[in-house]
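Below, each chain spelled out in residue letters.
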Amino acid sequence: MTRPHNDLQTLLTAPILPTLLRLAAPNVLAMVMTVLVGMAETYYVGRLGTAPLAAMALVFPFAMLTQMMSAGAMGGGVSAAISRALGASDTARAQTLLLHALVIGVGAGVIYSAIFLTFGPRLYELLGGRDAVLEEAVRYSGVLFAGALLVWLINTLASVLRGTGNMRTPSVALVATALLQIILGGVLALGAGPVPAMGMVGVALGHIIATAAGVAYFLWYLITGQGRLTMPCQRFEMQGGMFADILKVGAVACLSPVQSVLAILIFTGLLAQLGTEALAGYGIGQRLEFLLIPIAFGIGVASVPMVGMAMGSGNVQRARRVAWVAGGVSAFNLALIGAVVTLAPDVWARLFTQDEAVLSYARHYLVTAGPAFPFFGLGLTLYFASQGAGQVMGPVLAGTLRLVLVAGAGLWLAQHQGTSGHFYQLVAWAMVLYGLATAAAVKFTPWSRKV
């Protein structure tokens, strides 16, 4: 019965690096499965042809935005609020925060579905989608975003558990969900036995069904009292202060993934003008850039309860050390990935297409952007650590600088007949700026225990 207390003391006093790695290991495994899901789905769509692959490039940024906002941004706000309450030994507050987090997750999921089911087709058209590409994008997204509520719920529930320092349970559940998604996506998209091939719609349905199964498991886990916190099946009084504790971090943090996606959308729209092959090739490289986010997430989310509990107990110095160690580990991991795709871009690119015209664009992107990956990892992980401290404005402003650079330089290149190579160089420099600016924000922003 004393284990939860001992676990809490470990997060507050144990050596930082081994504790961080122990917490991060299951998260990284879960995020590796997320990468495999992305690879599998892109492979399935690649089997369907170039037009579906280009359509996925149009929809994918918005699909990843769902994940980034629900898991990394608002989810970080949930984890941070709960971990700070536990660090201050206020379990009752953490219990109440759980219920308020669910209200936020449900509301955000409904709003997200409504927005993209209503305005999605117009957005894809504005990004350059035409004819068969636009038709495929609309069909795929119509099914995918109908399940946005489930995505918000599964990530909110996982964030609640992570806020208590429990990384293993949500990671195991997400790995199982990812495996189910890979199987269902392939069967429903390409057909198997009596199951007809449903194309891109099948990929979306596999995602929704697997996510629903994950939500059901998390609800069972919390309702039956398997963890440190329990979700009572009864009415509760909503309190503005509880919502504020989550939203003051989560709502501001949501600006960061929006900025990241806007940067990607600018490039997508500009490169769509160069033709379907250019858009499909960039989509392959773009997908790897998005999949770097889960890798950094695996480290960053492990730092949130460590930073949050240290802040809640008043140990600001330890909280800062955790942030810098986590940022360094993430930069190292992404540097390895960047080195691989820079030296051997076909390792990634040929997983999805054998079309030489598409491959040439994908190779160029990977070779150019790969060396900047560690800066992206550093910035993103420090953003997560800042959530634990309740100080996300600096990292969000760093994302704003990145967006301004992308928009300004991107438009200038478009007006001066910039080539795909020029745009890829801009991607790389934007990553470098983001990493350095976020590090500077963390370095010079005062962290206070009164968050």
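The model shown is predicted, which means the values in this text are computed figures rather than measured ones.

Rules used throughout
- Residues numbered from 1 in each chain as written.
- Predicted model: local features only at pLDDT ≥ 70, side-chain atom pairs only at ≥ 80, totals over all residues.
- Heavy atoms only, no water.
- Helix = DSSP H or I, 4+ residues; strand = E, 2+ residues; numbered from the N terminus.
- Rg over C-alpha atoms; globule rule 2.2 N^0.38 Å.
- Buried < 20%, exposed > 50% of the residue type's maximum accessible area, 1.4 Å probe, protein only.
- Contact = heavy atoms within 4.5 Å.
- Areas by Shrake-Rupley, 256 points an atom, 1.4 Å probe, with all protein chains shown as cover.
- pLDDT = per-residue confidence, 0-100.
- Axes fitted to C-alpha atoms, helices over the stretch in contact; angles between N-to-C directions.
- Parallel < 35°, antiparallel > 145°, perpendicular 65-115°, else oblique.
- Left-handed = near helix turned anticlockwise from the far one by under 90°.
- Phe/Tyr/Trp six-rings, centres within 6.5 Å; stacked < 30°, edge-to-face > 60°.
- Salt bridge = Lys/Arg side-chain N within 4 Å of Asp/Glu carboxyl O.
- Patch = residues over 30% accessible without salt bridge, like charges linked within 9 Å, V, L, I, M, F, W, Y side chains within 5 Å.
- Expected span 1.5 Å × (residues − 1).
- Polar contact = N/O pair within 3.5 Å; in protein donor to acceptor, adjacent residues only side chain to side chain.

**Some points on the overall build of the chain**
A count of helical and extended segments in the chain gives 17 helices and 0 strands. Against the compact-globule benchmark of 22 Å for 451 residues, the chain has a radius of gyration of 21 Å, which places it among compact chains. Judged by the C-alpha coordinates and their principal axes, the chain covers about 60 × 50 × 35 Å. With 451 residues in all, the chain has 58% of them scored as buried. The contacts in the chain between residues at least 6 apart in sequence include a share of 84% that link residues at least 24 apart. Accessible area for the chain stands at about 17,000 Å²; split by element, carbon and sulfur atoms hold 67% of it.

**A short note on the environment of Asn 315**
For Asn 315, the position within the fold is in the loop between helix H11 (276-312) and helix H12 (316-343). Separated by 306 residues in the primary sequence, Asn 315 and Gln 9 place their C-alpha atoms 13 Å from one another.

**Some points on unusual backbone geometry**
The backbone of Ser 89 sits at a positive phi, close to 60°, despite the residue not being glycine. Within the secondary structure, Ser 89 sits in the loop between helix H3 (50-87) and helix H4 (91-126).

**Comments concerning the confidence of the model for the chain**
For the chain, mean pLDDT is 87; residues scoring 70 or higher make up 97% of the total. pLDDT under 50 marks residues 1-6. Its contacts with residues more than four places away, or in other chains, come to 1 contact.

**Details of the packing of helix H2 (residues 16-48) against H12**
In the contact formed by H2 and H12, the axes pass within 10 Å of each other and the chain directions differ by 60°. Of the possible angle classes, the one that applies to H2 and H12 is oblique. Where H2 crosses over H12, the handedness of that crossing is right-handed. Contact residues: Ile 16, Leu 17, Leu 20 and Leu 21 in H2; Arg 318, Arg 321, Val 322, Val 325, Ala 326 and Val 329 in H12.

**Comments concerning the environment of Leu 20**
For Leu 20, the location among the structural elements is in helix H2. Residues Leu 20 and Val 404 lie 384 residues apart in sequence; the distance between their C-alpha atoms is 33 Å. Not counting chain neighbours up to four residues away, the residues in contact with Leu 20 comprise Ile 299, Ala 302, Ser 303, Met 306, Val 325 and Ala 326.

**Focus: the packing of aromatic side chains**
For any pair of aromatic rings, the description rests on two quantities: the centre-to-centre distance and the angle between the ring planes. Within the structure shown, the criterion is met by 13 aromatic pairs. For the pair Tyr 43 and Tyr 44, a centre-to-centre distance of 6.2 Å together with 65° between the ring planes defines the contact as edge-to-face. By relative accessible area, Tyr 43 is classed as partly exposed at 37%. Their ring planes at 55° and their centres at 5.9 Å tell us that Tyr 217 and Phe 218 sit as a pair that is tilted. Put simply, the rings of Phe 62, Tyr 112, Phe 116, Tyr 124 and Phe 145 pair up and form one aromatic cluster.

**Description of the packing of H4 against helix H6 (residues 148-163)**
Contact pair H4 / H6: the axes reach a minimum separation of 8 Å and the direction vectors enclose 155°. Regarding the angle of H4 to H6, the classification is roughly antiparallel. Crossing of H4 against H6: the hand is right-handed. Across the interface between the two elements, Leu 98, Ala 101, Leu 102, Gly 105, Val 106, Ala 108, Gly 109, Val 110, Tyr 112 and Ser 113 from H4 touch Ala 148, Leu 149, Trp 152, Leu 153, Thr 156, Leu 157 and Val 160 from H6.

**Focus on the pattern of salt bridges**
Tallied over the full model, the rule gives 9 salt bridges. The salt bridge involving Arg 350 is made with Asp 346; its shortest N-O contact spans 3.0 Å. Between Arg 363 and Asp 346 there is a salt bridge, with its nearest N and O atoms 2.6 Å apart. On the criterion of sequence distance, the pair formed by Arg 363 in helix H14 (residues 356-369) and Asp 346 in helix H13 (residues 346-349) is long-range, its members being 17 residues apart. Taken together, the salt bridges that share partners define one network made up of Arg 84, Arg 93, Asp 245 and Lys 248.

**A short note on a nonpolar patch on the surface**
Together, Val 103, Phe 236 and Met 238 line one region of the surface with nonpolar side chains, adding up to about 240 Å² of accessible area. As for its placement among the helices and strands, Val 103 is situated in helix H4.

**Some remarks on the side chain of Gln 181**
Assignment of secondary structure puts Gln 181 in helix H7 (residues 168-190). Exposure remark for Gln 181: the relative accessible area of 9% places this residue in the buried category. For Gln 181, the residues in contact, after removing those within four places along its chain, are Val 37, Glu 41, Gly 206, His 207 and Ala 210.

**Considerations on H6**
A rise of 1.5 Å per residue sets the reference length of H6, with its 16 residues, at 22 Å; its end C-alpha atoms lie 23 Å apart and thus fit the reference within 8%. Extensive coverage of H6 is indicated by the burial of 14 of its 16 residues. Trailing H6 by a residue or two, Gly 165 shows a phi angle of about 90°, which is positive.

**Regarding the side chain of Asp 245**
Within the fold, Asp 245 resides in helix H9 (residues 240-253). A polar side-chain atom of Asp 245 sits 3.1 Å from a polar atom in the side chain of Arg 93.

**Describing the environment of Pro 395**
Relative to the helices and strands, Pro 395 resides in helix H16 (residues 393-415). The class for Pro 395 is buried, based on a relative accessible area of 1%. It is 35 Å that separates the C-alpha atoms of Pro 395 and Gly 185, two residues lying 210 residues apart in sequence. The residues contacting Pro 395, other than those within four sequence positions of it, are Tyr 383, Ser 386, Tyr 434, Thr 438 and Ala 441.

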